[in-house]
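Structural description and commentary
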Amino acid sequence: MDKAQILVASNRGPVSFSVDDDGSLGFRRGGGGLVSGLSAVAAETDTLWVCAALSDADRKAASSAPGGRLDKAGFDLGGALVRMLDIPPRTFANAYTSVANSTLWFVHHMLYDTPNKPHFDADFRGRWDDYREYNAAFAEALVTGAAENARVAVQDYHLALLPRMIRGRRPDLRITHFSHTPWAPPEYFRMLPAGIARELLEGMLGADHVGFLSQRWADAFLRCCETFLRAEVNWGTRTVDFGGRLVRVGVHALGADGEGLRARAAADDVAARRAALRELVGDRKLILRVDRTELSKNIVRGLAAYRELLVRHPEWRGRVTHLAFAYPSRGDVPEYREYTESVQRTAKEINEEFGTADWTPLILEVNDDYPRSLASYQLADVLLVNPIRDGMNLVAKEGPTLSQEGCALVLSTEAGAADDLRDDALMVNPYDVTETAEALHEALLLPAEERRARCERLAERAVALPPQRWFAEQLRALG
Ligand code: G6P
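Parameters at a glance
- Residues numbered from 1 in each chain as written.
- Predicted model: local features only at pLDDT ≥ 70, side-chain atom pairs only at ≥ 80, totals over all residues.
- Heavy atoms only, no water.
- Helix = DSSP H or I, 4+ residues; strand = E, 2+ residues; numbered from the N terminus.
- Rg over C-alpha atoms; globule rule 2.2 N^0.38 Å.
- Buried < 20%, exposed > 50% of the residue type's maximum accessible area, 1.4 Å probe, protein only.
- Contact = heavy atoms within 4.5 Å.
- Areas by Shrake-Rupley, 256 points an atom, 1.4 Å probe, with all protein chains shown as cover.
- Lys, Arg positive; Asp, Glu negative; His and termini not counted.
- Charge placed at Lys NZ, Arg CZ, Asp CG, Glu CD.
- Pairing = 2+ DSSP bridges.
- Axes fitted to C-alpha atoms, helices over the stretch in contact; angles between N-to-C directions.
- Disulfide = S-S within 2.5 Å.
- Salt bridge = Lys/Arg side-chain N within 4 Å of Asp/Glu carboxyl O.
- Phe/Tyr/Trp six-rings, centres within 6.5 Å; stacked < 30°, edge-to-face > 60°.
- Lys NZ or Arg CZ within 6 Å of the ring centre and 35° of its normal.
- Core = buried A, V, L, I, M, F, W, Y, C linked by side-chain atoms within 4.5 Å.

A look at the overall build of the protein chain
Secondary structure assignment for the protein chain yields 19 helices and 18 strands. The C-alpha atoms of the protein chain give 22 Å as radius of gyration, which agrees with the globular expectation for 479 residues (23 Å, within 12%). Expressed as lengths along the three principal axes of its C-alpha atoms, the size of the protein chain is roughly 65 × 50 × 40 Å. Taken over 479 residues, the protein chain has a buried fraction of 57%. Taking all contacts inside the protein chain whose residues are at least 6 apart in sequence as the whole, residues at least 24 apart take part in 77%. Accessible area of the protein chain: about 19,300 Å², with a carbon and sulfur share of 48%. Of the side chains in the protein chain, 58 bear a positive and 68 a negative charge, and the two mean positions are spaced by 3 Å.

Below, the structure written as structure tokens:
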């Protein structure tokens, strides 16, 4: 493949590398919802996936591959070529950790404790320059790697400036930008410095099509375009008239990959973990949660709700186990480190308060183990998904898809997944710990037959738009 017909740009790529003890490079699948959604793309031919080198091992891999391209032969990605960009570490840290994860993520998930943060000073503006530079590095790789009239799918808040940058250099390209996060309403987005708010929106409007996971996020984006750019929005066709072009805004509600998940869950390593979990939980009811330890996932309030369940309904003591998988995430952001500590502290307190010689009320696991997550989906009686705000949340879709006996889903109204699943989930306000505790109680009491029927309907909706079709829809939106 000389020049690609389809290009994907995302910060995190489909693989990450590690240096083994003997100095050789090992690799594994990248993590997170974005990569899960896009994994099918890695099998496509004629496709170039541009991503950032995220670690020294990635940098070593990127520099050892001819032209920075890691191909199928070495990394078994099916048809796609992966190009990892070796961005200078300081530029990368400022763009990724500071601007993307500590600022844009906080804005879109409305996570700030505003008396102290955010704080937009001269230092921040320096880091903003690095965010531009990081976007420009992607632009360079894309414009040189794209065939005439190729289609480019830019992913997420890390790369908001990219569509406009590539359009300026290659007007023949057809560009879509997709957000995997919520989008902040103008009343919150306005806390960004005015010039930066406009630059982000103008950057994204360089695309032909801008996609979101939920109508709520798409509408918030359109309202921001009206408020900050005075752009004309047609609410009937959901298009933005800006800079002499019409940009379409679409909703593509990513679903679970039912087929892929079921195939993976049939493997021996999952069966072994299932047997171990059965042993651990015995005949107690199993309440499960599976998250990356992110501020938006609301793990501490979820644990508090479990505690309140045990206080308000003591009949569950000794009869239920809460298994909480809280996998490490973004350890370079100080708020995440503090949050991880408070998750661990809360878990310990609950066990100290209620644990007995033969009952551990809460099992918190922090080591990422994908087959164990799949096994736990198969066994859970209740799945708790209570984010403060979430673009979609694939756990809410994957759990019912793999459930063997039918699990009840307790779901936050603030997850994009609520759009698809609200009819059969028990919906909760994520800030309301008492309501969440009562929803857990109700979920535990659902008659088996009703639970199974609800779970079947949840599973059906969960796989309505599997990743491959979700991606194809975005490309189709480009004509
Ligand atoms: C999740 C989020 C995405 C984000 C991705 C990467 O999937 O939904 O919006 O791009 O994580 O985050 P990371 O911390 O792995 O860089």
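Brief notes about the sheet that holds strand E15 (residues 362–365)
Judged by pairing direction, the sheet is parallel, and its 6 strands sit side by side in the order E15-E14-E13-E16-E17-E18 without closing on themselves. Strands with a single pairing partner mark the edges of an open sheet, and in this sheet they are E15 and strand E18 (426–428). The mean angle between the axes of side-by-side strands here comes to 20°, regardless of whether they run parallel or antiparallel. The sheet strands contacting helix H17 (residues 433–445) are strand E13 (285–292), strand E14 (320–327), strand E16 (382–385), strand E17 (408–412) and E18, and the helix crosses E18 at an angle near 170°.

Here's the deal with the state of the cysteines
Evaluated as defined, the whole model comprises 0 disulfides. A disulfide-free cysteine, Cys-407 has its sulfur positioned 4.5 Å from the sulfur of Cys-455, the nearest such atom.

Focus: unusual backbone geometry
Geometrically, the link from Lys-117 to Pro-118 is a cis peptide bond, its omega value of 5° lying close to zero. For Pro-118, the location among the structural elements is in the loop between helix H4 (89–109) and helix H5 (122–145). Residues other than glycine seldom take positive phi values, yet Arg-238 does so here, at roughly 50°. Structurally, Arg-238 can be placed in the loop between strand E10 (232–234) and strand E11 (239–242).

Notes on the pattern of salt bridges
Under the defined criterion, the tally for this structure stands at 29 salt bridges. In this structure, Arg-223 and Glu-187 form a salt bridge, with 2.7 Å as the shortest nitrogen-oxygen distance. Residue Arg-223 is located in helix H9 (residues 215–229), and its partner Glu-187 is located in helix H7 (residues 186–189); the two are separated by 36 residues in the primary sequence. We classify Arg-223 as partly exposed; its relative accessible area is 33%.

Some words on the packing of aromatic side chains
Evaluation of the coordinates by the stated rule reveals 15 aromatic pairs. Relative to Phe-471, the ring of Trp-470 has its centre 6.5 Å away and its plane inclined at 45°; by these criteria the two rings are tilted. Feature note: the residues Trp-183, Phe-189, Phe-212, Phe-221 and Phe-228 constitute an aromatic cluster, connected by ring pairs. Seen from the ring of Trp-105, Arg-330 lies directly overhead, with NZ or CZ sitting 4.0 Å from the centre.

Focus: the environment of Asp-420
For Asp-420, the location among the structural elements is in helix H16 (residues 418–421). A relative accessible area of 22% places Asp-420 in the partly exposed class. Taking the C-alpha atoms as reference points, Asp-420 and Gly-255, separated by 165 residues in sequence, lie 9.4 Å from one another. Excluding residues within four positions of it along the chain, Asp-420 makes contact with Ala-253, Met-392, Lys-397 and Arg-461.

Here's the deal with the nonpolar core
Counting 162 residues, the largest nonpolar core has Phe-138, Trp-183, Phe-189, Leu-200 and Phe-221 as its most contacted members. Those residues in contact with Leu-200, other than ones at most four positions away along the chain, are Leu-104, Trp-128, Tyr-131, Ala-160, Leu-161, Phe-189 and Leu-192.

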